[in-house]
Structure formats: structure tokens, C-alpha cells
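So you can see what is in the structure, the chains are spelled out below.
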Amino acid sequence: MVGNLINSKESNLLLDNFIRRFVAAEYDPKKQKRCRLLWTNLKCKGELLSIDEFEKIPIEVSTEVYFYNEREKKMYRASFAEIADYIGGLEPWEEIDAEIFDGSFQWFICVTHEDFCITYGLS
């Protein structure tokens, strides 16, 4: 994987804050009444980018961010460069659904299994 795994207590707190800030109230992963992926339940409109444009996202490569892999339900702390390398190294058959953000909760990047990214709050 990428970066350092975050313990479940800290991970849950970060994920709760992310959901409160960016995800619609209808998000309900346990009851499965709605789609369970975070990026399909965003309450803010972001910019769409092809996965091929990931490395062009305007974040300093040394910036430490959080990387939440929804498929594994695990959160990591990593540099943006580590994440860019990981995303760039995925094979065509490998699917990923992940959210990338920092502790300010002012922006996010969602990486989807449909080969696009959603960015919000980045100039």
C-alpha cells in the first residue's frame, strides 16, 4: 500500500469529519439503501479529471495527506508523491475508490474505479 497505516480510532475520527464536511446526509453504508461509495454521495460539486491527469493536480509533492482506501476500509498518511506513484502504478485491472484530503478539510480528491478523479477546493 502507500504510506503509513493510521490506527482505527484516528481513522474513524478523520473519516467522520470528512463525511460531515463533504458527503450528503443520505450516505448510509451499513443499510445499503443508497450507493455506498463516498464519491457517489458528495454534497459539493467538484471538477472531473481523467486518472491520467492525476499528477497534474496542484498539490506540492511533499505535502502530507490522508489516503482513505474505501475498498479496504483503511486510511494511510502519506506524501502526495507517494500517492501519485501508487496511483500511477496501478494496473488496468486494479480498481480503486479512494479519498485524499488533509487535516484542514478544505479540499479533497476522489479517485474512482471508473478511471477519473473528482477534485474540490483546489485551485
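Notes on the structure in this doc start here.

About the thresholds
Residues numbered from 1 in each chain as written. Predicted model: local features only at pLDDT ≥ 70, side-chain atom pairs only at ≥ 80, totals over all residues. Heavy atoms only, no water. Pairing = 2+ DSSP bridges. Helix = DSSP H or I, 4+ residues; strand = E, 2+ residues; numbered from the N terminus. Contact = heavy atoms within 4.5 Å. Axes fitted to C-alpha atoms, helices over the stretch in contact; angles between N-to-C directions. Buried < 20%, exposed > 50% of the residue type's maximum accessible area, 1.4 Å probe, protein only.

1. What to know about the sheet that holds strand β1 (residues 4-5)
Consideration 1: The sheet built from seven strands is open, its strands ordered β1-β4-β3-β5-β6-β7-β2 with antiparallel pairing. Single-partner strands in this sheet number two, and they are β1 and β2 (47-50).
Consideration 2: Here β2 pairs with strand β7 (residues 116-120) via four bridges, running antiparallel. Note that in β7 the partner of Leu-48 across the bridge is Ile-118.
Consideration 3: Together, β3 (64-69), β4 (74-79), β5 (98-101), β6 (108-111) and β7 form the strand contacts of helix α1 (residues 8-22), whose direction differs from that of β4 by roughly 90°.

2. Observations concerning the environment of Phe-54
Consideration 1: Mapping Phe-54 onto the fold places it in the loop between β2 and β3.
Consideration 2: Distance from Phe-54 to Ile-109, taken between C-alpha atoms, is 9.4 Å for residues 55 residues apart in sequence.
Consideration 3: Ignoring any residue separated from it by four or fewer positions in sequence, one finds Phe-54 in contact with Phe-80, Ile-83, Ala-84, Ile-87, Ile-100, Ile-109, Val-111 and Cys-117.

3. Comments concerning the pairing of β5
Consideration 1: Here β5 shows no split at all, with Ala-98 and Ile-100 on one side and Glu-99 and Phe-101 on the other all buried.
Consideration 2: Relative to β5, β3 runs antiparallel, the two sharing four bridges. Bridge pairing links Phe-67 to Ile-100 in β5.
Consideration 3: One ladder, built from three bridges, connects β5 with β6; its direction is antiparallel. Residue pairing in the sheet places Ala-98 in a bridge with Val-111 of β6.

4. Side note on the pairing of β3
Consideration 1: Burial analysis of β3 places five of its six residues in the buried class, which makes it a mostly covered element.
Consideration 2: Of the pairings in the sheet, the one linking β3 to β4 comprises six bridges and is antiparallel in character. In the sheet register, Glu-64 faces β4, and the bridge partner there is Ser-79.
Consideration 3: Linkage of β3 to β4, two consecutive antiparallel strands, is achieved through a turn of four residues, within which Lys-73 is found at a positive phi near 60°.

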